[in-house]
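Spelled out, the chains give:
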Amino acid sequence: MNPALISVKHLSVQFNSSHEPAVDDVSFDIEAGKTLALVGESGSGKSVTALSLMRLLSDRQVHYPSGHILYKGENLLQAQESRMQQIRGNRVGIIFQEPMTSLNPLHTLEKQISETLRLHKGLSLTACRTRVIELLSLVGIDQPEQRLGQYPHQLSGGQRQRVMIAMALANEPELLIADEPTTALDVTIQQQILELLQSLQQKFNMAILLISHDLNVVRKVADRICVMHQGKLLENRPCDALFSSPEHDYTRKLLAAEPEGMPHPLSPDAAELLSTRKLEVRFEQRKGIFKRIQQVHRAVDGIDLQLRTGETLGIVGESGSGKTTLALAILRLIRSQGEVHFKQQLISSWKQKQITPLRKQLQVVFQDPFGSLSPRMSVFEIIAEGLGVQGYKEPQEQIARVSQALSDVGLDPEVRHRYPHEFSGGQRQRIAIARALVLKPELIILDEPTSALDRTVQKQIIELLRDLQQRYGLSYLFISHDLAVVRAMSHRVMVMQHGRVVESGATEDLYTNPKQSYTQRLMAAASLDSGAFLADSG
C-alpha cells in the first residue's frame with residue numbers, strides 16, 4: 001500500500017460556541033492518485049472536516065480537542081500560519097461549495113485566478129494571462145479571452161463554479177479538496193467536470209477529497225467512501241463494497257433516498273396566475289472612451305410562458321441558458337423588454353413603488369443561500385425582515401410566524417437566535433425557503449432550491465413544497481438542473497437553451513418522449529448521473 005499523502009488520526013473539531021463536537025474522533029487516509037469521498041446528510045461534519053485539513057477555520061471559531069492531520073508526516077495542526085500559507089492554493093487546492101460567496105465581487109476573473117499564480121509561482125502578467133485563458137478553456141468556459149475582464153455577477157451559477165475549479169487547479173496541486181464541486185452544474189457539464197477531474201488526477205497523480213451529497217457522482221469517481229453522521233464516521237470502505245453491501249442502517253437509508261412521487265393534480269378550472277409575452281433581457285457590452293455598444297447578448301430571447309394557480313412549471317437547461325435571468329426579469333429585479341402579467345395585471349410597466357406591495361405575493365429562493373443571507377443578522381431577523389416591510393410590526397406575531405416557517409422547513413424554532421455561519425449549507429437553504437414562506441405568497445420562484453441538499457433532505461423539501469402547494473394553493477416556478485427533482489415537482493416542464501424555449505409540455509410526456517435533440521441529450525446525461533430513474537422512460 002502506498003503511504004498516505006494526508007493521514008487524519010482521531011480528529012475532533014468543536015465550535016467555541018457549542019458544547020458538542022462538530023467532528024468526533026474521525027480517522028482516514030488519502031493516497032496520492034486516489035479519490036476519497038466524504039458523504040452524509042447536511043450538518044454531518046463533512047465540510048468542517050475538509051476545512052480543518054487546511055486550518056481554514058480560525059481559532060476564534062473552533063478548537064481541536066484531539067487528533068492529528070499529517071501531510072507527508074507533518075502535523076498541520078501544529079504548523080505555523082506562514083507554513084499553511086505556503087501549502088494552501090499551492091500544494092492543496094480547494095473548490096468551495098458556494099462560489100458566489102468565495103469569489104470577490106470587486107475583482108475580475110483574470111485578477112482572481114492570477115492571484116495564486118503570482119503568489120506561488122511568481123509568473124509575469126503575460127504568463128499569468130496565458131495560463132488563465134488555458135485554465136478557463138480547460139474547465140469549459142466558452143470564449144475565455146472575452147471573459148477575463150468580467151466579474152462574478154456576470155456569470156451563471158454553473159459558470160462561477162467552473163471558475164472556482166480553474167482557480168483550484170491553477171498550480172497543479174497534490175491534493176484537491178472538492179466540496180460539492182458539481183452542485184451548481186447541469187447534468188451535461190457535471191459529466192464533463194468529472195471527466196476533467198479524473199483526467200487531471202491521472203496526469204498529475206493528484207489525490208482528491210470529494211465532499212458530495214450526490215451518491216451517483218460519488219459512485220463514478222471515488223475509490224473509497226467515508227460515511228459521516230452527526231460528526232461521527234460510520235463506515236470507511238471501498239466504493240464498490242459500500243454500494244453493494246452497506247453495513248450500517250444509515251448508509252442503507254442514504255443509498256435508498258431518491259426523489260419520488262409527483263405533484264398533486266391541478267384543478268381543471270385553475271385560473272392563470274402568471275404569464276409573459278415576448279420577454280427579453282439584453283446585456284450590452286460597451287467599449288472605448290465613449291462607451292459605445294460593441295456587442296449585445298440576449299440572455300432571454302422572446303419567452304412566452306403561462307402558470308396557473310397551484311401549478312408548478314419546471315424550467316431546465318444547461319448553465320447559462322437563461323433560467324435564472326428569466327426569473328429575475330419576472331420578479332422585476334433586472335431590466336427587461338416584453339410583457340409580464342400577474343393576476344391579469346401588466347406589472348412589467350409598473351414603477352418600483354407599485355411593485356413593493358406586490359413582493360408579498362411574489363417570493364424567491366435564490367440558488368446560493370449563504371450569499372443571500374446577511375451574516376450580520378440572526379435567523380429571526382432574516383426571516384422577519386419581510387414581515388416588517390409588509391406591515392407586520394407586532395413582535396409576538398413576528399415570532400409566531402417565524403417559528404411556524406422554521407417548523408415548516410424542518411428546523412427547530414429555537415435556532416432563530418443563531419447566525420447563518422453556524423449552519424451547514426443545506427440548513428442555510430432551508431432558512432432561505434422559510435424566509436420565502438413566511439409571507440404566505442401566491443407564487444414562489446425556486447432557483448435550484450435543493451442543489452445544496454443531500455438526497456434524504458431533498459425528499460423532505462420536495463414533500464414539504466408539495467404539501468404547502470396543496471394547502472395554500474401556491475404556484476411555483478421551479479428552476480433546477482436536477483431532472484429527477486424536476487420530475488417529482490412539476491406539472492409541466494420548459495426546456496431552455498441560449499435564452500430560448502427549445503421544448504415544453506406535460507412532465508411525463510416530455511420525459512418519456514422528448515422531441516428535440518437537445519432535450520434528448522439532457523435526458524441521456526441525466527440517466528448517466530441519476531441511476532435508474534429514467535430507465536422506464538426509454
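Scroll up for the structure.
Because the structure is predicted, anything quoted here is derived from the model rather than measured.

How would you sum up the overall build of the protein? Please name residues and give values.
Looking only at helices and strands, one finds 21 helices and 20 strands in the protein. Computed over C-alpha atoms, the radius of gyration of the protein comes to 23 Å, within 12% of the 24 Å expected from 2.2 N^0.38 for 538 residues, which places it in the range of a compact globule. By sequence separation, contacts in the protein at least 24 residues apart represent 68% of the contacts at least 6 residues apart. By element, 49% of the accessible surface of the protein is carried by carbon and sulfur atoms, the whole surface being about 23,900 Å².

Go over the sheet that holds strand β16 (residues 362–365), please, and point to the residues and values.
The strand order β16-β17-β18-β13-β19-β20 describes an open sheet built from six strands, whose pairing is mixed. Each end of this open sheet is capped by a strand with a single partner; those strands are β16 and β20 (500–506). Going across the sheet, the axis of each strand differs from the next one's by a mean of 15°, ignoring polarity. Across six bridges, strand β19 (residues 492–497) lies against β20 in antiparallel orientation. From the neighbouring strand, M496 faces β20, where its bridge partner is V501. Strands β13 (312–316), β17 (443–447), β18 (475–479) and β19 of the sheet are contacted by helix α12 (residues 323–330), whose axis makes an angle of about 150° with β18. Against the sheet, helix α18 (residues 455–472) contacts β13, β17 and β18, and its axis sits at roughly 155° relative to β18.

So what's going on with α12? Residues and values would help.
When you tally the buried positions in α12, you get six out of eight residues, the bulk of the element. A positive phi of about 60° marks R332, the residue just after α12.

With reference to specific residues and values, describe the pairing of strand β10 (residues 232–238).
Note: strand β9 (residues 224–229) against β10, six bridges, orientation antiparallel. The residue of β10 that forms the bridge with H229 is K232. With antiparallel pairing between neighbouring strands as the criterion, β9 and β10 make up a hairpin whose turn holds two residues, including Q230 at a positive phi of roughly 50°.

How would you summarise empty space enclosed by the protein if you had to cite specific residues and measurements?
One water molecule sets the probe size; rolling that probe over the atoms shows where empty space is left. Under the counting rule described, the total for this entry stands at five cavities of 30 Å³ or more. Roughly 90 Å³ of internal volume is contained in the second largest cavity. As for the second largest cavity, its lining consists of R401, Q404, A405, D408, L437, V438, K440, P441, I444, L468, Y472 and L474. Counting only elements with at least two residues in the lining of the second largest cavity, the list comes to α16 (395–408) and α18. Considering every element that reaches the lining of the second largest cavity, the biggest residue donor is α16, with four residues. Residue composition of the lining of the second largest cavity, grouped by class: eight nonpolar, one polar and three charged.

An account of the nonpolar core is requested, with residue identities and associated values reported.
Formed by 52 residues in total, the largest nonpolar core has its most connected members in I383, L406, I444 and Y476. Core analysis: the second largest hydrophobic core is formed by 46 residues, I141, L155, I165 and I208 among them.

Tell me about the packing of aromatic side chains, residues and numbers included.
Under the definition given, this model contains zero aromatic pairs. Directly above the aromatic system of Y392 lies the positively charged group of R401, at a separation of 4.3 Å from the ring centroid. In this arrangement the basic side chain of R418 is found over the ring face of F423, its NZ or CZ atom lying 4.5 Å from the centre.

Would you mind going over the environment of D447 in detail, with residue names and values included?
Along the polypeptide, D447 turns up in strand β17. Under the relative-accessibility criterion, D447 is labelled buried at 4%. Separated by 312 residues in the primary sequence, D447 and L135 place their C-alpha atoms 28 Å from one another. Here T324 takes part through its side chain, which lies 2.8 Å from a polar atom of the side chain of D447.

Just give me the short version of the sheet that holds strand β2 (residues 23–31), but keep the residues and values in it.
One open sheet accounts for four strands, arranged β2-β1-β4-β5; its pairing is antiparallel. Edge positions in the sheet fall to β2 and β5 (74–75), since each has one partner strand and no second. In the sheet, strand β4 (residues 62–71) pairs with β5 via two bridges, with the strands oriented antiparallel. Its bridge partner being in β5, Y71 is matched across the sheet by E74. Relative to the sheet, helix α1 (residues 46–53) contacts β1 (4–15), β2 and β4, its axis offset from that of β1 by approximately 120°.

How would you explain the state of the cysteines if you had to name every residue and give the values?
For the structure on display, the rule yields zero disulfides. Of all cysteine sulfurs, the one in C226 lies closest to C239, which takes part in no disulfide; the gap is 12 Å.

How would you summarise unusual backbone geometry if you had to cite specific residues and measurements?
Not every positive phi belongs to a glycine, and R55 is a case in point at roughly 55°. In this fold, R55 is placed in the loop between α1 and β4. The exposure class of R55 is buried, given its relative accessible area of 18%. Although it is not a glycine, E448 sits at a positive phi angle of roughly 50°. With respect to the helices and strands, the residue E448 is situated in the loop between β17 and α18.

Any chance you could break down the pattern of salt bridges for me, citing the residues and the numbers?
Scanning the entire structure with this criterion turns up 23 salt bridges. Because the salt bridges share partners, they merge into one network encompassing K72, R91 and E174.

Lay out the pairing of β17 with the relevant residues and their values.
Counted residue by residue, β17 has five buried out of five residues, so it is predominantly covered. Where β16 and β17 come together, four bridges link them in parallel fashion. If you follow Q363 over to β17, its bridge partner there is I444. In terms of strand pairing, β17 meets β18 through five bridges, oriented parallel. In the sheet register, D447 faces β18, and the bridge partner there is I479.

Before we move on, can you summarise helix α11 (residues 249–256) with the specific residues and values?
Buried within α11 are the following residues: Y250, T251 and L254. Along the axis of α11, the buried positions cluster into a sector of 100°, meaning they face one direction only. Seen from the open side of α11, the exposed residues pointing more than 90 degrees away from its buried face are D249 and A256. Summarising the contacts, the buried residues of α11 are in contact with α9 (215–221), β9, β10, α10 (239–244) and α18.

Criteria and cut-off values
- Residues numbered from 1 in each chain as written.
- Predicted model: local features only at pLDDT ≥ 70, side-chain atom pairs only at ≥ 80, totals over all residues.
- Heavy atoms only, no water.
- Helix = DSSP H or I, 4+ residues; strand = E, 2+ residues; numbered from the N terminus.
- Rg over C-alpha atoms; globule rule 2.2 N^0.38 Å.
- Contact = heavy atoms within 4.5 Å.
- Areas by Shrake-Rupley, 256 points an atom, 1.4 Å probe, with all protein chains shown as cover.
- Pairing = 2+ DSSP bridges.
- Axes fitted to C-alpha atoms, helices over the stretch in contact; angles between N-to-C directions.
- Buried < 20%, exposed > 50% of the residue type's maximum accessible area, 1.4 Å probe, protein only.
- 1 Å grid on protein atoms, 1.4 Å probe; cavity = no way out; pocket = protein on both sides within 12 Å on 5 of 7 lines; lining within 4 Å.
- Points joined across faces, edges and corners; volume = space filled by probe spheres on them.
- Nonpolar A, V, L, I, M, F, W, Y, C, P; charged D, E, K, R; others polar.
- Core = buried A, V, L, I, M, F, W, Y, C linked by side-chain atoms within 4.5 Å.
- Phe/Tyr/Trp six-rings, centres within 6.5 Å; stacked < 30°, edge-to-face > 60°.
- Lys NZ or Arg CZ within 6 Å of the ring centre and 35° of its normal.
- Polar contact = N/O pair within 3.5 Å; in protein donor to acceptor, adjacent residues only side chain to side chain.
- Disulfide = S-S within 2.5 Å.
- Salt bridge = Lys/Arg side-chain N within 4 Å of Asp/Glu carboxyl O.
- Arc of directions from axis to C-beta.

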